[in-house]
Amino acid sequence: MSRREEEVVIIGGGPAGLAAALSAKKAGCERILILERDKELGGILNQCIHNGFGLHTFKEELTGPEYADRYIQMVLAEEISCLLRTMVTNISLEEDGWKVVTAMNKDQGLLEIRTKSVILAMGCRERPRGALNIPGYRPAGIYSAGTAQYYVNMEGRMPGRTVVILGSGDIGLIMARRMVLEGAKVQCVAELRPYSGGLKRNIVQCLDDFGIPLYLSTTVSAIHGRERVEGVTLTRVDENGKPIPGSEWEVPCDTLLLSCGLIPENELTVGLGAQMDAKTNGPVVNERLECSISGVFACGNVLHVHELVDHVSAEADKAGRFAAAYVQTEGRLI
Amino acid sequence: MTENKTKTVEMTCICCPVGCALKAEILADGRVQVTGNKCPRGAAYGEKELISPTRIVTSTVRVAGRKDAVVGVKTASDIPKEKIMECMKALRNITVTPPVAIGDVVLKNVADTGVDIVVTRGIRE
C-alpha cells in the first residue's frame, strides 16, 4: 500500500473538482491532489459536445469539451497533481482531525492518503429505469439519456434507430436533437409533469427545430418487446401523476431513453457519516460549503444538481477558498 | 398600428438559459423591432430568427486508427438552419488523424455556407 500526505484532496476531476483545485491553489495551498476515476479530467463535460457552456464564466459560448479544456489547462499550468483512473473507496475521519482517503488504481494498487481537508466533487448520476417502476421485460434498447450520449458522442455508436424519450430534462432534449442529427427518428418526448424540466431554449432548439412532439402529463406505462424494445405504451396522467384509463396509445420504437432526473453521488459522503439533506440528496453544508464534518467541503452536483456548469464552477471556486482557509487555520503541511 | 406591420413572430431566445420571450416584427419602413429581450444579444437573435434563422451545429467525426473513437466538432459560427442536415451529411465522410487541437479546421466552407468545421476537443497522438 502506498501512503502520502496532502493538504487538500479533491474527489472528482470534473468541473467542480477542477475549479475547486484552482482556487485552493490560488489561495495558497501547495499540496493539492485531484482523484479522478476516469482516464481523463473534465468529467461529464467531455461527452456534452453541444454548445451553450461558459456564458457567465468566459463570456462566450463554448461546447462542453472546450469549457473543460479551459480549466484543465489552468490546472496543468498550476502544476496541480492529479491521479487518473483512480477510484476512491472510502473517506474516514481520524481522531486528530485528519481525514484518510482510501483509493485504488492499477499502477499503485491501494492508496492511503492522509489529508487536512477534503473537497467532495463527485457529481451526480442519472435516475435509472429501476427507480421508475415501469412494468415490462428487460429488453435491450433502454438507456439513460447520458449513457446514450456517451455511446454517440464518445464512441460513435448509435444505440438505436427509432427513439422515444421519457422525461424532458435537458440531457433528454439534447439527445433528442443529437439522435435526429445522426439519422434516427425521434418519435416524441413524454413528460410526466405538466411542464418540462428542461430549459426553454432546449425545447426550442432541440425539439421545435426538428418537429419532435413533447407530450406533457404523459408517461410510459408499458415497454414492449422481450429481446429488444419494440414499442411503448404512452398514457396521459392526471394532476396526481396517475394514469388516466382509456388514454393509452402505442408508439413503435427500438429504443427508449430515460431523462428522469439526476441524483447526487454521495456514497462516500454517507460512508464518512456526514449529515445529509433529504431534499437535495446532498450533504448539509454551512455558509462555507463545509459539511457536518469539519474540513470536508462539497461543491457542484454532489451538493445539489445545478442547471448550469457556470454555477458549478462558481460554487467550487468558493469551496476551494474555504478549504484553503481551513488548511491555513489548522496549520500548513509545509 | 398592426396594419403597418408586415410580419410579427413570437419566439423564445436561445442565446442563454434565461430564454426571454421575444416578439420580433417587421415595421412598415422595413426595420425589424424586437421586444421582450433583456440583453442586446436577444435583439440580434430576434432579428436573425425572423429574417434568416441560424444555428451553431455540433457533432462528431471519426478518429483515424481508433475503432470506437470520435471527436467533437462544431461550425465555427452559426449557419442557416436549413443547411443543418447538409452539414451533417458532409461530416459523415470526415476522419481526423491525431494529434488534433481545439480549433483545428477539419472541413472548410461546410455545405457552401462559408463556415468552417473546427475540432472542439484535443486528442494527443
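How each quantity is defined
- In every chain, residue numbers begin from 1 and rise along the written sequence.
- Chain labels run from A onward and ligand labels from 1 onward, assigned in the order the entries are written.
- The model is predicted, so local features are restricted to residues of pLDDT at least 70 and side-chain atom pairs to those at 80 or more, both for listing and for counting; the totals for chains, interfaces and linings are taken over all residues.
- Think of the side-chain values as coming from all heavy atoms in the structure, minus any hydrogens and water.
- Starting at the N terminus, helices and strands are each numbered in turn, a helix being any DSSP run of H or I of at least four residues and a strand any DSSP run of E of at least two.
- A radius of gyration in this sense is built from C-alpha atoms; the matching globule rule multiplies 2.2 Å by the number of residues raised to 0.38.
- The classification of residues rests on relative accessible area computed with a 1.4 Å probe and restricted to protein chains. Under 20% of the type maximum is buried, over 50% is exposed, and intermediate values are partly exposed.
- Asp and Glu count as negative and Lys and Arg as positive, but His and the ends of the chain are not part of the count.
- To locate a charge, take atom NZ for lysine, CZ for arginine, CG for aspartate or CD for glutamate.
- By nonpolar core is meant a set of buried Ala, Val, Leu, Ile, Met, Phe, Trp, Tyr and Cys residues that side-chain atoms within 4.5 Å join together.
- Contacts are assigned to residue pairs that have any heavy atoms within 4.5 Å of one another.
- The span one expects for a helix is its residue count, reduced by one, times 1.5 Å.
- In this context, the arc is that of the directions from the helix axis out to the C-beta atoms.
- Criterion for a salt bridge: a side-chain nitrogen of Lys or Arg within 4 Å of a carboxyl oxygen of Asp or Glu.
- Two parts placed together each lose some accessible area; with a 1.4 Å probe, that loss summed over both constitutes the buried area.
- For the purposes of these results, a polar contact is taken to be a pair of N or O atoms within 3.5 Å, where, inside protein, one atom must be able to donate a hydrogen and its partner to accept one; residues adjacent in sequence count only when each atom of the pair is a side-chain atom.
- Residue polarity follows a fixed list, in which Ala, Val, Leu, Ile, Met, Phe, Trp, Tyr, Cys and Pro are nonpolar, Asp, Glu, Lys and Arg are charged, and the others, Gly among them, are polar.

## Details of the overall build of chain B
Thought 1: Assigned secondary structure in chain B consists of 2 helices and 10 strands.
Thought 2: For chain B, the α and β elements follow one another from N to C terminus as β-β-β-α-β-β-β-β-α-β-β-β.
Thought 3: In terms of overall dimensions, chain B is more spread out than a globule: its C-alpha atoms have a radius of gyration of 19 Å, far above the 14 Å expected for 125 residues.
Thought 4: Taken along its principal axes, the extent of the C-alpha atoms in chain B is 65 × 30 × 20 Å.
Thought 5: Counting all 125 residues of chain B, 43% fall into the buried class.
Thought 6: Averaging the locations of the 19 positively and 14 negatively charged side chains of chain B gives two centres separated by 7 Å.

## So, the nonpolar core
Most often, soluble globular proteins keep nonpolar side chains buried together rather than apart.
Thought 1: I10, I11, L35, I91, V101, I119 and L120 of chain A are the most contacted members of the largest nonpolar core, which has 59 residues in total.
Thought 2: Beyond its immediate chain neighbours, meaning those up to four positions away, L35 of chain A contacts V9, I10, I11, G12, G13, L83, T86, V88, V101, A103 and I113 of chain A.
Thought 3: Core analysis: the second largest hydrophobic core is formed by 22 residues, V57, V71, I94 and V96 of chain B among them.

## What to know about helix 1 (residues 40–51) of chain B
All names here are of chain B.
Thought 1: The end-to-end C-alpha separation of helix 1 is 17 Å, in line with the 16 Å expected for 12 residues at 1.5 Å each.
Thought 2: The set of residues buried in helix 1 consists of G42, Y45, G46, E49 and L50. All buried residues of helix 1 project into a common sector of 125° when viewed along the axis, lining one side. Away from the buried face of helix 1 by more than 90 degrees, exposed residues P40 and I51 are located.
Thought 3: Where the residues of helix 1 are buried, they touch strand 1 (7–12), strand 2 (21–26), strand 3 (32–35) and strand 4 (54–55).

## With respect to the pattern of salt bridges
Proximity of charged atoms lets side chains of opposite charge pair with each other.
Residues and elements named next belong to chain A.
Thought 1: Overall, the coordinates contain 27 salt bridges over all chains when judged by the stated rule.
Thought 2: Between R37 and E265 there is a salt bridge; the shortest N-O distance is 3.1 Å. Here the residue R37 occupies a position in the loop between strand 2 (32–35) and strand 3 (51–53), and E265 occupies one in the loop between strand 18 (262–264) and helix 6 (267–272), the gap between them amounting to 228 residues.
Thought 3: For the salt bridge of E290 with R288, the shortest nitrogen-to-oxygen distance reads 2.8 Å.
Thought 4: Connected through salt bridges with shared partners, the residues E5, E94, D96 and R114 form a single ionic network.

## Looking at the interface of chain B and chain A
Thought 1: Facing 25 residues of chain B, the contacting portion of chain A comprises 29 residues.
Thought 2: Overall, the association of chain B and chain A removes approximately 2,400 Å² of surface from exposure, summing both partners, and the carbon and sulfur fraction of that is 54%.
Thought 3: Looking only at chain B, the three residues that lose the most surface to chain A are P17, T58 and R121 of chain B, adding up to 24% of its buried area.
Thought 4: At the boundary of chain B and chain A, one finds 4 salt bridges.
Thought 5: Two residues, K74 of chain B and E66 of chain A, come together in a salt bridge whose shortest N-O distance is 3.0 Å.
Thought 6: If you look at where chain B meets chain A, you find 12 residue pairs in polar contact (both at pLDDT 80 or more).
Thought 7: It is strand 5 (residues 58–63) of chain B that provides the largest number of residues to the side of chain B that touches chain A, a total of 4 residues.
Thought 8: Taken together, the residues of the side of chain B that touches chain A sort by class into 12 nonpolar, 6 polar and 7 charged.

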